[in-house]
Amino acid sequence: MNRTTTRWRAAVGAAVAGIGLVASTALVASTALTAQAAGSTLHAAASDQGRYFGTALAQGKLNDSQYTTIADREFGMITAENEMKMDATEPQRGVFNYSAGDRILDWAVGHGKQVRGHALAWHSQQPGWMQQMEGQQLRQAMLNHVTQVATHYRGKIYAWDVVNEAFEDGSSGARRNSNLQRTGNDWIEAAFRAARAADPNAKLCYNDYNIDNWSHAKTRAVHAMVADFKSRGVPIDCVGLQAHFNSGNPVPNNYHETLQHFADLGVDVQITELDIEGSGSSQAQQYSGVTQACLAVARCTGITVWGVRDTDSWRASGTPLLFDGNGQKKAAYTSVLNVLNDGEGEPGGGETTPPPTGGDGCTATYSEGQKWGDRFNGTVTVRADRAISSWAATVTVGASQRITATWSGTPTWDSSGKVMTMRPSGSGALAAGQSTSFGFTVMHGGDWTWPTVSCSAS
Ligand code: G3I
């Protein structure tokens, strides 16, 4: 997709989304508000990049219409947050219960979504009867579970987390000491082989947390296991990085490197449970960093966030998701959407100007200037299409953006503070074809969308 077009669409989308483009009539040249809205949701924008964008859903919330409306609108891939886990699907040994899992699956399929299966074998969320087991009896029970559940969902699952969280945290690089591990070191590959036999078309993933930093022992240990599986023909198709981040565990600088190293083994990479505690621009920047890292790796096939609204999160107090408790889009949402639309997290996406907004009398062109973590500079060039005696240009910024400084003009503001009208400080007379420029600084609040500009002449 043409990046200038895409970028421009994002800017227009922001203007349409309620910033309120104020324009006087007659001589105003305004933006093209008829631009199409492709890429206006996470799923649509990710699809344009050949990726999916998903969320975890809880079946107990499927009758919450705000929740399902957002899920339906924004996401194309659904994971059952708890309903396909071992304790949910086999509460008594040999007695399977798929009612909650099926409810999620039916909702997803009914709304045209794909489904990630989570999770067939895990040391946690085992039913009570399994927690008591060890040895050969447990190995058989685990394999039977994998076979039964993968068979029940055969043909309906895009990718299964076959084994979840099997490695130790910290510097050991060892397997986690669990009852499953004690059945023998080959328990993971045995689970993968059983899953492949039961559902040959599902992608089979190993899924874990704290495998985001390439320099960490746990990351290297999982990487080594996947390399070993690939070399020995163990059926594995993907690695899931859960990606639960917070201030103590921020998105690492080498995240892109980590994703690439896994992909280089010949497996897909999926970000499977993304959440990032925090708020405002710092949270938004981390979200855009994760999204950029995925887009930079050809085999990073999609991103799933671990819940819809902050209040739905397992870490609700950390407000780690893309929608607030009222279902409103957060700055983090906008930053992810912008990255998906541009392939970049910053204004411009590699371009420095949108199409100029021309019309009767003058043409306004925005060009991006310097960028910092919290703000960016912009310049507007006003070009006279004919001899004019004066001009006025409007600059409209996003809901979370604020213009904090201006130069080379005299600004006035509308009551929302989002629309600045800039007039010449001295004479505004320009000969036909002559130009003048003014500049300003925008605190972006996590929204890197370019301001919308227009001008009128007299
Ligand atoms: O539904 C019952 C409710 O009836 C009961 O009153 C209540 C009292 O404890 O528990 C409710 O179940 C809880 C369930 O979430 C649904 O809210 C469980 O106790 C609680 O343990 C369970 O937590 C889940 C957790 O996995 C369990 O390990 C979280 O929702 C879920 O988000 C979380 O997801 C995991 C991934 O599967 C693997 N990666 C880490 C991720 C975050 O921990």
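It should be noted that the structure appears before, not after, this text.
The present account deals with the structure reproduced in this document. (Residues numbered from 1 in each chain as written. Predicted model: local features only at pLDDT ≥ 70, side-chain atom pairs only at ≥ 80, totals over all residues. Heavy atoms only, no water.)

Comments concerning the pattern of salt bridges
Part 1: All chains considered together, the criterion is met by 19 salt bridges.
Part 2: Note that D72 is salt-bridged to K113, the shortest N-O span being 3.1 Å. Note that D72 is positioned in helix 3 (residues 65–74) and K113 in the loop between helix 5 (99–110) and strand 3 (114–122), a separation of 41 residues in sequence.
Part 3: Where D268 meets K203, a salt bridge forms, and the shortest distance between an N and an O atom there is 2.9 Å. One end of the pair, D268, is in strand 8 (residues 268–276); the other, K203, is in strand 5 (residues 203–208), and 65 residues separate them in sequence.
Part 4: Under the relative-accessibility criterion, D268 is labelled buried at 7%.
Part 5: Shared partners join several salt bridges into a network, and the residues in it are K61, D64, R309 and D312. (Salt bridge = Lys/Arg side-chain N within 4 Å of Asp/Glu carboxyl O. Helix = DSSP H or I, 4+ residues; strand = E, 2+ residues; numbered from the N terminus. Buried < 20%, exposed > 50% of the residue type's maximum accessible area, 1.4 Å probe, protein only.)

Looking at the state of the cysteines
Part 1: In the structure shown here, the tally under the stated rule is 3 disulfides.
Part 2: Across a sulfur-sulfur distance of 2.0 Å, C205 and C238 are joined as a disulfide pair. Its S-S torsion of approximately -90° makes the covalent link between C205 and C238 left-handed. One end of the pair, C205, is in strand 5; the other, C238, is in strand 6 (residues 238–241), with 33 residues separating them in the sequence.
Part 3: Judged by relative accessible area, which is 0%, C205 ranks as buried.
Part 4: There is a disulfide in this structure between C294 and C300, and the S-S distance comes to 2.1 Å. In this structure, the disulfide formed by C294 and C300 twists by about -100° around the S-S bond and is classed as left-handed. Each member of the pair, C294 as well as C300, is classed as buried.
Part 5: With its disulfide-bonded cysteines labelled consecutively along the sequence, the protein chain is connected as 1-2, 3-4, 5-6. (Disulfide = S-S within 2.5 Å.)

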